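Okay, here's what each chain looks like letter by letter:
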Amino acid sequence: QVQLVESGGGLVQAGGSLRLSCAASGRTFSSYAMGWFRQTPGKEREFVAAISLSGGSTYIADSGKGRFTISRDNAKNTVYLQMNSLKPEDTAVYYCAAAYLGTNTPHHQYAYDYWGQGTQVTVSS
């Protein structure tokens, strides 16, 4: 089992940057593919980014391509989401998620076994 704790959210002006972190408990972090999703009230949880167990493969949703980068540090049990050129439409609660032994469908929320509690990102215009 793994517990996930997100941090780094906050209020930022449009065009600004934030780096979200997700710290995982346990000693088997490298056994999990990691993903970031976001959700706004009344909407489905939306895929943002994912990274494979070793970090060798990354996936970014079209909405974040060219602006968002996902990375992981297995020695620190942490996955990061660097968000640049933020837009008001990026406002959401951002969740990190873990998929044990990886997944062939990193875009699907149901591929993930564990979720963090979320961190709010608000981008003002």
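Our structure's up above, just so we're on the same page.
Residues numbered from 1 in each chain as written. Predicted model: local features only at pLDDT ≥ 70, side-chain atom pairs only at ≥ 80, totals over all residues. Heavy atoms only, no water.

*Asks:* What is the right way to look at the pairing of strand E3 (residues 18-24) in this model?
*Replies:* Walk down a regular strand and you will see the side chains alternate between the two sheet faces. The element E3 is extensively covered by neighbouring structure, given that 5 of its 7 residues are classed as buried. Note: strand E1 (residues 4-7) against E3, 4 bridges, orientation antiparallel. Bridged to Leu4 within E3 is Ala24. Across 6 bridges, E3 lies against strand E8 (residues 78-83) in antiparallel orientation. Of the residues in E8, the one forming a bridge with Ser21 is Tyr80. (Buried < 20%, exposed > 50% of the residue type's maximum accessible area, 1.4 Å probe, protein only. Helix = DSSP H or I, 4+ residues; strand = E, 2+ residues; numbered from the N terminus. Pairing = 2+ DSSP bridges.)

*Asks:* Hey, could you run me through the state of the cysteines in this one?
*Replies:* The term disulfide refers to a covalent linkage connecting the sulfur atoms of a pair of cysteines. The full count for this structure, using the stated rule, is 1 disulfide. A sulfur-sulfur distance of 1.9 Å marks the disulfide that ties Cys22 to Cys96. Disulfide Cys22 to Cys96: torsion about the S-S bond roughly 40 degrees, handedness right-handed. Of this pair, Cys22 sits in strand E3 while Cys96 sits in strand E9 (residues 92-100), placing them 74 residues apart in sequence. (Disulfide = S-S within 2.5 Å.)

*Asks:* Can you walk me through the side chain of Asp90 in this structure?
*Replies:* Mapped onto the elements, Asp90 comes out in the loop between E8 and E9. Excluding residues within four positions of it along the chain, Asp90 makes contact with Arg38, Arg67, Phe68, Val121 and Val123. (Contact = heavy atoms within 4.5 Å.)

*Asks:* Quick question: what am I supposed to make of unusual backbone geometry here?
*Replies:* The bulk of non-glycine residues show a negative phi, and the bulk of peptide bonds are trans. Look at Ser85: it is not a glycine, yet its phi comes out positive at around 50 degrees. Considering the arrangement of structural elements, one finds Ser85 in the loop between E8 and E9. Phi angles above zero are rare outside glycine, and Leu101 is one such case at about 65 degrees. Secondary-structure assignment places Leu101 in the loop between E9 and strand E10 (114-115).

*Asks:* Sorry if this is basic, but what is going on with the nonpolar core here?
*Replies:* Core analysis: the biggest nonpolar cluster contains 27 residues, and Met34, Trp36, Leu81, Met83 and Tyr94 have the highest contact counts within it. For this core, the secondary structure elements donating two or more residues are E3, strand E4 (32-39), strand E5 (46-51), strand E7 (68-73), E8, E9 and strand E11 (119-124). Core analysis: the second largest hydrophobic core is formed by 9 residues, Phe47, Ala97, Ala99 and Tyr112 among them. (Core = buried A, V, L, I, M, F, W, Y, C linked by side-chain atoms within 4.5 Å.)

*Asks:* Before we go on, may I ask you to explain the environment of Gly66 in this structure?
*Replies:* Mapped onto the elements of the fold, Gly66 is located in the loop between strand E6 (58-60) and E7. Residue classification places Gly66 among the exposed positions, given a relative accessible area of 85%. When the C-alpha atoms of Gly66 and Gln1 are compared, they prove to be 33 Å apart, with 65 residues separating the residues in sequence.

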